[in-house]
Amino acid sequence: IFFFGVVVAQEGIMSETDLDKHVEMLSNCQIIKESEVKQLCVKARELLIDEGNVQKVMAPCTIVGDIHGQFYDLKELFRVGGNIPDTNYVFMGDFVDRGFYSVETFLLLLCLKVRYPDRVVLTRGNHESRQITQVYGFYDECLRKYGSVNVWRYCTEVFDYLPLAALVEEKVFCVHAGLSPSINTLDQIRTIDRKQEVPHDGAMCDLLWSDPEDIDGWGLSPRGAGYLFGADVVSQFNSTNKLDLIARSHQLVMEGYKSMFSDALVTVWSAPNYCYRCGNVASILELDEHLNKNFKIFEAAPEGERGVPARKQAPEYFL
């Protein structure tokens, strides 16, 4: 409910001034109160419920791949790509897990989404999941920083409301991972009931888990979820849906981005020096008003600008 510029949430009142204070604190890698997280997540769900499974986006905009809790590298990304609201962003999921600052990373992006809803699109990745975050760091981080699992619960409720994909000017399809043998058209994605935990199989699972590969047709994924899909699958999907490009993330790319299938698909990876040890560079993809592509490469934030707290090592998993 909007009343004289004030957002009235179920759990209290959150003004633009409050949101600006939250953004300032989180931008300095300082967590906000649990009660404020609860308010923020209520408001975020109110916004996200009105967004489609395939959220429409206008150009120009900047497309971002996996972040994985690497907060200081997210700040480096904003330094290279421009701050919100000066730049429109599409984030393709995997905001949390593996990095040291999943809490600050996700809450900052969520604050920016609520503060500037038309400037930020947050789509869901396979790590925006209760099951995955209990294994790869976000659950433990919430427990350590807040002393209870409440913040994890509020955030995972928001995960269920995140769009599954974005569509820039009807021509560039942005999805976390890839395609599905169950889906031929964007309209089929639009009919999915997304407000649930990520299933173990089926169309919604495939969008968040599948990978492109130099094969014909479909193949079994070594991840144990989703599929591998080839150039012919991408060509048919793009033709059917009148698309110029599929932009996705989900796979580490040492050079920051990788074009495949005669530039019909591109992987954008936005976590430099992934897991603080992989040595890769990262990228973002800028699309101008005519959908011309410009990849910006960036490296990890300098050591002097980041803190590295002690924590238990997360289990190994497909990088």
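Scroll up for the structure.
A brief look at the structure comes next. Quick caveat: nothing in here was measured; it's all calculated off a predicted structure.

For the structure on display, the rule yields 16 aromatic pairs. Where Y257 meets F295, the ring centres are 3.7 Å apart and the plane angle is 0°; that geometry is what we call stacked. One end of the pair, Y257, is in strand β14 (residues 257-260); the other, F295, is in strand β17 (residues 293-298), and 38 residues separate them in sequence. Given the relative accessible area of 19%, F295 is considered buried.

Our next topic: the nonpolar core. If you look at the biggest cluster of nonpolar residues, it comprises 51 residues, and the most contacted ones within it are L77, F78, F91 and L107. A per-element tally of this core places helix α4 (residues 102-115) first, with nine residues. Here F91 is in contact with V64, L74, F78, I84, L109, V120, V121, L122 and T123, once residues within four sequence places are set aside. Listed in part, the 31 residues of the second largest apolar core include V175, W209, F229 and M260.

Looking now at the side chain of T123. By secondary structure assignment, the location of T123 is in the loop between β7 (120-122) and α5 (130-136). We classify T123 as buried; its relative accessible area is 0%. For T123, the contacting residues outside a window of four places in its chain are F91, M92, G93, F95, E128, L162, P163, L164, A165 and A166.

Attention shifts here to the sheet that holds strand β8 (residues 165-168). Pairing within the open sheet is mixed, and its six strands lie in the order β4-β8-β9-β13-β15-β14. Pairing within the sheet leaves two strands with one partner each, and these edge strands are β4 (54-57) and β14. With direction set aside, neighbouring strand axes in the sheet form an average angle of 20°. Both β4 and β8 contribute to a ladder of four bridges, which runs parallel. Residue pairing for β8: V54 is matched across the bridge by A165. Contacts from helix α10 (residues 231-240) reach β9 (172-175), β13 (245-248) and β15 (265-268), with the element oriented near 115° to β13.

Inspection of the entire model under this criterion finds zero disulfides. Of the cysteine sulfurs around C174, a residue in no disulfide, the closest is that of C61, at 6.5 Å.

Rules used in this analysis
Residues numbered from 1 in each chain as written. Predicted model: local features only at pLDDT ≥ 70, side-chain atom pairs only at ≥ 80, totals over all residues. Heavy atoms only, no water. Phe/Tyr/Trp six-rings, centres within 6.5 Å; stacked < 30°, edge-to-face > 60°. Helix = DSSP H or I, 4+ residues; strand = E, 2+ residues; numbered from the N terminus. Buried < 20%, exposed > 50% of the residue type's maximum accessible area, 1.4 Å probe, protein only. Core = buried A, V, L, I, M, F, W, Y, C linked by side-chain atoms within 4.5 Å. Contact = heavy atoms within 4.5 Å. Pairing = 2+ DSSP bridges. Axes fitted to C-alpha atoms, helices over the stretch in contact; angles between N-to-C directions. Disulfide = S-S within 2.5 Å.

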